[in-house]
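Residue-level structure breakdown
Listed here are the chains, written in short residue letters.
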Amino acid sequence: MFEDSMLESGGKLKSSARYWMWATFSFWAVVLAILILIPLLFPEALPKGSLTASLTAPPPPPPPPPPPPPPQAIKPIPIISEIDQGLHAPTKIPHDIHLIKEDAAPPPAGTGVAGMSGMGNGAAGGVFGGMGMNTPAPKINVAPPKPTGPARISGGVIAGMRTTFVQPTYPPIARAAHVGGTVVLHAIISKTGTIEKLEAISGPDMLKGAATDAVRQWRYKPYLLNDVPTEVDTTITVNFNLNGG
């Protein structure tokens, strides 16, 4: 009996749920149809703002920019020279031609014989130029500047002015040690050609003394600067060769 009652109640529940589903679907379909048809049947019921916004046409595009103005024509300006303005060909030949006389230029100042202002171009305090005599300007002998110190001369130039030569003696200790080379000396030569100051500035130490002793005995021609004997600042080179002695 219990099973029969369950089966009967299950069939009743299914049939009632189906009726409610169809009723709900029909109700909402009617509501949706009413919502769609009201705006179509009564358009004045819609809000005016939304209707105006939907029916307003978009603004027109901005007008194009105006065309640029045409370029201004540059008019050439004729250039007339001063010669063309002042010199023109005469249109007719004049009957009377007037000569323009100019006053003679005054004599130059400073001409004439001194104290003879009444003769010719003579002027008081003048010179003999008024009588056609030109006095030559006196020659002024300018003394050459005196040298303020020894003249710097290269060693090659001084070597050609040497008059007395003494051969340097090769030191035995340097020859035994096989020391050779070149000694450079800084020298001050007097106005008479003798050695005033002498010092070794480079070279082997074993050879500097022999080179200095020999060069002190050398003599040179006086060096003339503007025809005046002058002291000379120069360098002297002495070579020591083991093979040549």
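Keep in mind that what you see is a predicted model, and the values were worked out from it rather than measured.

**A few points about the pattern of salt bridges**
If you walk through the whole model with that rule in mind, you get 2 salt bridges. Asp 233 serves as the salt-bridge partner of Arg 152, at 3.0 Å between the closest nitrogen and oxygen. Taken together, the positions of Arg 152 in strand E1 (residues 151-152) and Asp 233 in strand E8 (residues 232-240) put the pair 81 residues apart, joining distant regions of the chain. In this structure Arg 152 comes out as exposed when scored by relative accessible area, which is 57%. Residue class for Asp 233 comes out buried when judged on its relative accessible area of 18%. For the salt bridge of Lys 208 with Asp 205, the shortest nitrogen-to-oxygen distance reads 3.3 Å. Here Lys 208 and its partner Asp 205 are both found in helix H6 (residues 205-215), 3 residues apart, which amounts to about one turn of the helix. Using a relative accessible area of 23% as the deciding quantity, one classes Lys 208 as partly exposed.

**Some words on the packing of aromatic side chains**
When we look at a pair of aromatic rings, we describe it by the centre distance and by the angle of the planes. As enumerated under the stated definition, the model contains 3 aromatic pairs in all. Aromatic side chains Tyr 170 and Phe 240 sit 5.5 Å apart centroid to centroid with 90 degrees between the ring planes, which places their arrangement in the edge-to-face category. A residue pair is termed long-range when its members are at least 10 positions apart, and Tyr 170 in the loop between strand E2 (162-164) and helix H5 (172-176) and Phe 240 in strand E8 qualify at 70 residues. We classify Tyr 170 as buried; its relative accessible area is 8%. Positioned above the aromatic ring of Trp 218, the side-chain terminus of Arg 162 is 4.7 Å from the ring centre. Seen from the ring of Tyr 170, Arg 175 lies directly overhead, with NZ or CZ sitting 4.5 Å from the centre.

**Things to note about a nonpolar patch on the surface**
There is a patch of nonpolar side chains on the surface, built from Val 30, Leu 32, Ile 34, Ile 36, Leu 37, Ile 38, Leu 40, Leu 41 and Phe 42 and spanning about 890 Å² of accessible area. Inspection of the secondary structure assignment puts Leu 41 in helix H1 (residues 2-41).

**Brief notes about the pairing of strand E4 (residues 195-202)**
As paired strands, strand E3 (residues 181-189) and E4 are joined by 6 bridges and run antiparallel to one another. The partner of Ala 187 across the bridge, within E4, is Leu 198. Hairpin connection of E3 to E4: 5 residues between the antiparallel strands, including Gly 193 at a positive phi of 100 degrees.

**Side note on H6**
Buried within H6 we find Leu 207, Ala 210, Ala 211, Thr 212, Ala 214 and Val 215. Here the buried face of H6 lies against H5, E3, E4 and E8.

**A few points about the confidence of the model for the chain**
In this model, the chain carries an average pLDDT of 76, and 62% of its residues clear a pLDDT of 70 or more. Confidence, read as mean pLDDT per element, is least for helix H2 (residues 48-55) in the chain (57) and greatest for strand E5 (residues 219-220) (95). Confidence over residues 127-132 falls short of pLDDT 50; this stretch has 11 contacts with residues more than four positions distant or in other chains.

**Digging into the sheet that holds E4**
Read from one edge to the other, the open sheet built from 4 strands follows the order E1-E8-E3-E4, with strand pairing classed as mixed. Two strands bound the open sheet, and with one partner strand each, they are E1 and E4. Inspection of the sheet shows E3 paired to E8 by 9 bridges, in the antiparallel sense. Within E8, the residue paired with Gly 181 across the bridge is Phe 240. Against the sheet, H6 contacts E3, E4 and E8, and its axis sits at roughly 40 degrees relative to E3.

**Brief notes about unusual backbone geometry**
The residue His 178 is not glycine, and still its phi comes out positive at about 55 degrees. With respect to the element layout, His 178 can be found in the loop between H5 and E3. Taking relative accessible area as the criterion, His 178 reaches 63% and is therefore assigned exposed. One non-glycine residue, Asp 227, lies in positive phi territory at about 65 degrees.

Parameters at a glance
- Residues numbered from 1 in each chain as written.
- Predicted model: local features only at pLDDT ≥ 70, side-chain atom pairs only at ≥ 80, totals over all residues.
- Heavy atoms only, no water.
- Salt bridge = Lys/Arg side-chain N within 4 Å of Asp/Glu carboxyl O.
- Helix = DSSP H or I, 4+ residues; strand = E, 2+ residues; numbered from the N terminus.
- Buried < 20%, exposed > 50% of the residue type's maximum accessible area, 1.4 Å probe, protein only.
- Phe/Tyr/Trp six-rings, centres within 6.5 Å; stacked < 30°, edge-to-face > 60°.
- Lys NZ or Arg CZ within 6 Å of the ring centre and 35° of its normal.
- Patch = residues over 30% accessible without salt bridge, like charges linked within 9 Å, V, L, I, M, F, W, Y side chains within 5 Å.
- Areas by Shrake-Rupley, 256 points an atom, 1.4 Å probe, with all protein chains shown as cover.
- Pairing = 2+ DSSP bridges.
- Contact = heavy atoms within 4.5 Å.
- pLDDT = per-residue confidence, 0-100.
- Axes fitted to C-alpha atoms, helices over the stretch in contact; angles between N-to-C directions.

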